Amino acid sequence: MPIYLDGHSTTPLAPEAMEAMAPWWHAQVGNPPSPHLSGMLASQAVENARSELASLIGSDPQELVFTSGATEANNIAIRGTALAALEGGVDRRDIVVSAIEHKSVLSSANSLRRAGFRVIEAPVNMHGVVDISELERLVGNETLLVSVMAVNNEVGSIQPLGDVVRIARSGGALVHVDAAQALGKVPFNCTDFDLVSLSSHKMYGPMGIGALFVSSAAHLRPLPVLFGGGQEAGIRPGTVPTPLVVGFGTAAKVSSAQLAADAAHSAGLSAVFLEELRSRQVQFIENIPAGQRVPGSLSLRFPGNDALSIIARAADRIAISEGSACTSGQITASHVLLAMGYTQNQAAETVRIYFSRYNGEADAADAAAALTEIVGR
């Protein structure tokens, strides 16, 4: 199998999570709301997992709503908040987002234009960090919601959320953070935010499950965008998938215990990889400096080389990607890199790499050797 280095797309499933989920697929069957013993056991397992996730981000368990993933959480946070404003007579109609948000944030926000909302994109600098002075200028009395991600999913840049909160609060706006790429990779506490989107499979948990943190202190609570049985405090209907929730909770528990060690491990591997490339005299450019990116993350440009060609030629040896995996089927330049000021050609020379908990130094050295051969060719 190729060396897997595409952890921004999805991370390997933690063995602990796999083991915790196993009995819930067949031996311990039960729908959490059911009144019998099997249902009560499933409900208890769900609530235990909710508590583990809450512990990781510093929230109350009851402030967490399970969803199918961060994409759905982003939709509820943005569209649900807009619906709540419309129904509650709140006349603010501006939604401010950073220019490098995930497509699920940008698309959710833009879908509200038909309802009379104005979407304003805050620019970022060449290192993928939101321009705070511009954000300050864009947020005002008409701003309903400010949405800025914690860590970018393409280049790994860490955002100055403290400044974002300060600016949003000064204008009386709510704050939403897409923390899918931060959870389990860097310390993250939800205390200062109104809404936070979370993903399981970006932090060594199973695919198909995520969560939305909804602060009990928020002055506006999002309305549901789907309708059904009223599960998850009426915000997200549908049967709660007990096995996936259990896996998510276990992954959160493991990440909480290993957060510092994982960060040091991933950062060390990326450093080894870069040093190997330098020693082999490979020409590359780091798009994001080491101090401004999540540990283990690399956005590298290989001048004169097409990223898609590199990825295709390396496919049998290493698994890496370019741009966002959610839009990889489109042959278009990354909106993130373009927003950072890169040209179409420069964006097309960029690959995305992430060294995870389960990679080792041999992976870093072998990956560098593979890229050396391909770029040299």
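See the structure printed just above.
Residues numbered from 1 in each chain as written. Predicted model: local features only at pLDDT ≥ 70, side-chain atom pairs only at ≥ 80, totals over all residues. Heavy atoms only, no water.

> Looking at this structure, how should I read the overall build of the chain?
The helix and strand tally for the chain stands at eleven helices and twelve strands. Here the C-alpha radius of gyration of the chain, 21 Å, is about what a compact globule of 377 residues would show, namely 21 Å. Projected onto its principal axes, the C-alpha positions of the chain cover 60 × 55 × 35 Å. The burial tally for the chain puts 57% of its 377 residues in the buried class. In the chain, once contacts between residues fewer than 6 apart in sequence are set aside, the share between residues at least 24 apart is 73%. Counting every atom, the chain has about 15,100 Å² of accessible surface; 53% of that belongs to carbon and sulfur. Once the 25 positive and 35 negative side-chain charges of the chain are each reduced to a mean point, those two points are 4 Å apart. (Helix = DSSP H or I, 4+ residues; strand = E, 2+ residues; numbered from the N terminus. Rg over C-alpha atoms; globule rule 2.2 N^0.38 Å. Buried < 20%, exposed > 50% of the residue type's maximum accessible area, 1.4 Å probe, protein only. Contact = heavy atoms within 4.5 Å. Areas by Shrake-Rupley, 256 points an atom, 1.4 Å probe, with all protein chains shown as cover. Lys, Arg positive; Asp, Glu negative; His and termini not counted. Charge placed at Lys NZ, Arg CZ, Asp CG, Glu CD.)

> Teacher, can you tell me more about the pattern of salt bridges here?
Two side chains bearing opposite charge may form a pair once their charged atoms approach each other closely. Counted by the stated rule, this structure contains 15 salt bridges. With its nearest N and O atoms 2.8 Å apart, the salt bridge here joins Glu134 to Arg137. Of this pair, Glu134 and Arg137 both sit in helix H5 (residues 132-138), three residues apart, which is roughly one turn of the helix. Assessed through its relative accessible area of 58%, Arg137 is described here as exposed. Residues Glu286 and Arg278 are paired through a salt bridge, measuring 3.1 Å at the closest nitrogen-oxygen approach. Among the charged side chains, a salt-bridge network with shared partners connects Glu275, Arg278, Glu286 and Arg293. (Salt bridge = Lys/Arg side-chain N within 4 Å of Asp/Glu carboxyl O.)

> Is there a simple way to explain helix H3 (residues 70-88) in this structure?
Between its terminal C-alpha atoms H3 stretches 26 Å, which fits the 27 Å expected from 19 residues at 1.5 Å a residue. Trailing H3 by a residue or two, Gly89 shows a phi angle of about 75°, which is positive. (Expected span 1.5 Å × (residues − 1).)

> Hey, could you run me through the packing of helix H1 (residues 15-26) against helix H7 (residues 242-279) in this one?
Between H1 and H7, the shortest axis-to-axis distance is 8 Å and the interhelical angle comes to 160°. Compared by their axis directions, H1 and H7 come out roughly antiparallel. Relative to H7, H1 is oriented so that their crossing is right-handed. Across from Glu16, Ala17, Ala20, Met21, Trp24 and Trp25 in H1, the residues of H7 making contact are Thr242, Pro243, Leu244, Val246, Gly247, Thr250, Ala251, Val254 and Gln258. Here the contact of H1 with H7 is built from residues that sort into ten nonpolar, four polar and one charged. (Axes fitted to C-alpha atoms, helices over the stretch in contact; angles between N-to-C directions. Parallel < 35°, antiparallel > 145°, perpendicular 65-115°, else oblique. Left-handed = near helix turned anticlockwise from the far one by under 90°. Nonpolar A, V, L, I, M, F, W, Y, C, P; charged D, E, K, R; others polar.)

> It is not clear to me how the side chain of Arg352 should be interpreted in this structure. Could you clarify?
Of note, Arg352 is situated in strand S12 (residues 350-354). Within polar-contact distance, the side chain of Arg352 engages the backbone oxygen of Asn153 at 2.6 Å. (Polar contact = N/O pair within 3.5 Å; in protein donor to acceptor, adjacent residues only side chain to side chain.)

> Please clarify how the nonpolar core should be interpreted in this entry.
General note: in soluble globular proteins, nonpolar side chains tend to be found buried as a group. Counting 63 residues, the largest nonpolar core has Phe188 and Leu198 as its most contacted members. If you tally residues by element for this core, the top one is helix H2 (residues 37-57), at six residues. Not counting the four nearest positions on each side in its chain, Leu198 is found in contact with Leu53, Ile57, Leu64, Gly69, Ala70, Ala179, Leu183, Gly210, Ala211 and Phe248. Membership of the second largest hydrophobic core comes to 27 residues, among which are Leu274, Val282, Ile310 and Ala367. (Core = buried A, V, L, I, M, F, W, Y, C linked by side-chain atoms within 4.5 Å.)

> Looking at this structure, how should I read the pairing of strand S8 (residues 210-214)?
When you tally the buried positions in S8, you get five out of five residues, the bulk of the element. Of the two faces of S8, both are covered, the one formed by Gly210, Leu212 and Val214 as well as the one formed by Ala211 and Phe213. For strand S2 (residues 64-67) and S8, the ladder comprises four bridges, and the chain directions are antiparallel. Residue pairing in the sheet places Thr67 in a bridge with Gly210 of S8. As paired strands, strand S7 (residues 195-199) and S8 are joined by five bridges and run antiparallel to one another. Considered in S8, the bridge of Leu195 is made with Val214. (Pairing = 2+ DSSP bridges.)

> Explain the sheet that holds strand S9 (residues 285-286) to me, please; I cannot follow it from the model alone.
Adjacent strands of a sheet form backbone hydrogen bonds with each other and so pair up, either parallel or antiparallel. One open sheet accounts for three strands, arranged S9-S10-S12; its pairing is antiparallel. Of all the strands in the sheet, just S9 and S12 have a single pairing partner and so form its edges. Sheet topology places strand S10 (residues 297-301) next to S12; five bridges connect them, and they run antiparallel. Across the sheet, residue Arg301 finds its bridge partner in S12, namely Thr350. Of the strands in this sheet, S9, S10 and S12 touch H7, which is tilted by about 25° from S10.

> What is the right way to read empty space enclosed by the protein from this model?
Space left empty within the atom packing is revealed by a probe, the size of a water molecule, rolled over the atoms. Applying the stated rule across the entire model yields one cavity of 30 Å³ or more. Gly184, Lys185, Tyr204, Asp262, Ala263, Ser266, Pro295 and Tyr354 are the residues that line the largest cavity. Take the lining of the largest cavity: its biggest share by element is three residues, from H7. For the lining of the largest cavity, a count of residues per class yields four nonpolar, two polar and two charged. (1 Å grid on protein atoms, 1.4 Å probe; cavity = no way out; pocket = protein on both sides within 12 Å on 5 of 7 lines; lining within 4 Å. Points joined across faces, edges and corners; volume = space filled by probe spheres on them.)

> Honestly, the packing of H7 against helix H11 (residues 361-376) in this entry has me stumped. Any pointers?
Working note: a packed helix pair is described by the angle between its axes plus the distance between those axes. Put simply, H7 and H11 touch, their axes get as near as 8 Å, and they point 35° apart. The handedness of the crossing between H7 and H11 is right-handed. From H7, Leu269, Val272, Phe273, Glu276 and Leu277 reach across to H11, where they touch Glu361, Ala364, Ala365, Ala367, Ala368, Leu371 and Thr372. Across the contact of H7 with H11, the residue classes tally to nine nonpolar, one polar and two charged.

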